[in-house]
Structure formats: C-alpha cells, structure tokens
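# What the coordinates show
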Amino acid sequence: GLPYEVHRESFDTPDQFSPEFLSLNPNNKIPAILDPNGPGGQPLALWESGAILVYLAEKTGKFLPADPARRYETLQWLMFQMGGVGPMMGQANVFSRYLPEKIPVAIERYQNECRRLFEVLDTRLGQAEWLAGSEYSIADIANWCWVRTYRWSGVDIEGLANLRRWMDVMKERPACQYGVTVPIAM
C-alpha cells in the first residue's frame, strides 16, 4: 500500500556506476530503494533485499510479527535465504548459465546444495503453512523470489510436495503476480 516509483537500471550500460546510483548502493547492485519519507521524515537510502524487507515491514507494520519469538523465527528464515538459498542459486546460475566454460563439478555442487536447501524448506513447510509459522511474512517473500526460478538454476524439485504447495500458493498472491512483472512492465 505504499506509493513507489520503479526506476530501471540497465546493467548492459554503466548506469549502476553512476554517482546517483552509487549514492543509493555503494555495491552497485540491485535492489536499492530511496524512501523520501524515511525515519523522522528524512530521506533514507537502503540496499540489500533483506534490509529493505525488514525496513518496509517495520514501516507498514505488516509481514514481520511484533511478538519477539515469532519475529525471530521470521528473521531466521529470512537469513536462511540471504545466507543460503540466494547465494547458492546465484552460483548455480553462474556455473550452469553464464560462464562460457562449463565446469561440471561446480554445476553439480551448487545444484545439489540448492536441492538440499529446498529439502530444508520442504521439511519446514510440512510443519507449517508458511516459513515462519501460521502467517505469510517477509521470509516467504524473500525465499520465493529465488525458489520460483528453480528451473532456470537447473534444480530438481521432484518429490518436494510441501515446497510445491507453498510455491503454488505464493504464485496465486496478487502481489507476487504483480511483483514478477514489474521489471518487464517498465
């Protein structure tokens, strides 16, 4: 429900090295946001998806429980994506898709690690409807953004019924449907 503007950064050009973009993210990567109405009414630039998700959840009072135990449960699944799912899928993509020289042992290593992480998610989703329990949260948002691209990364999800159920439910959420079209629709 927050107003926002999307700005496309082309990584085929040096846009991400412009002083304007580097003022938002000194690591010259996406995502990055600039909230003109940050804390105290002052502009706030943020980068790193996990930090952005926590900030937006706290700003809106949505998708991050206030109860300390549930909050930390949500944050641990968010960190699971940031420290595991995202980096491993990124490496699976690099080795299987982008490098001109294919290194089978590296491709297998990262695809297998992604599968193992998906099995952890599948086990959790057999215990609860959402990653952090009974409520949809920033943990689901962060993990789904990567898990939904399993085919692109060459990861097999055969036999992971709980993960597939969760993916199907996520895919039906209007915000998720819209979110995957934003870069394309720009």
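Structure: above.
Before going into details, it helps to say that this report is about the structure given with it. None of these values were measured; they are calculated from a predicted model.

### Some thoughts on the environment of H7
With respect to the element layout, H7 can be found in the segment before α1 (19–24). When its relative accessible area of 61% is taken as the criterion, H7 is described as exposed. C-alpha separation for the pair H7 and T181, spaced 174 residues apart in sequence, amounts to 14 Å. At 3.5 Å, the side chain of H7 forms a polar contact with the side chain of E5.

### Quick look at helix α4 (residues 104–127)
Under the 1.5 Å per step criterion, the end-to-end length of α4 is 35 Å for 24 residues, consistent within 8% with the ideal 34 Å. Where α4 is concerned, the buried positions are A106, I107, Y110, Q111, E113, C114, L117, F118, L121, D122, R124 and L125. Of the surrounding secondary structure, the elements contacted by the buried residues of α4 are α3 (68–98), α5 (138–147), α6 (150–153) and α7 (161–172).

### A closer look at the pattern of salt bridges
Under the counting rule described, the total for this entry stands at eight salt bridges. For E135, the salt bridge identified is with R70, shortest N-O distance 2.5 Å. Of the two residues, E135 is situated in the loop between α4 and α5 and R70 in helix α3; the sequence distance between them amounts to 65 residues. We classify E135 as partly exposed; its relative accessible area is 41%. Judged by its relative accessible area of 31%, R70 falls in the partly exposed class. When the shortest N-O distance is used, the salt bridge between E73 and R124 registers 2.8 Å. In this pair, E73 is assigned in helix α3 and R124 in helix α4, connecting sequence segments 51 residues apart.

Cut-offs and rules
- Residues numbered from 1 in each chain as written.
- Predicted model: local features only at pLDDT ≥ 70, side-chain atom pairs only at ≥ 80, totals over all residues.
- Heavy atoms only, no water.
- Helix = DSSP H or I, 4+ residues; strand = E, 2+ residues; numbered from the N terminus.
- Buried < 20%, exposed > 50% of the residue type's maximum accessible area, 1.4 Å probe, protein only.
- Polar contact = N/O pair within 3.5 Å; in protein donor to acceptor, adjacent residues only side chain to side chain.
- Expected span 1.5 Å × (residues − 1).
- Contact = heavy atoms within 4.5 Å.
- Salt bridge = Lys/Arg side-chain N within 4 Å of Asp/Glu carboxyl O.

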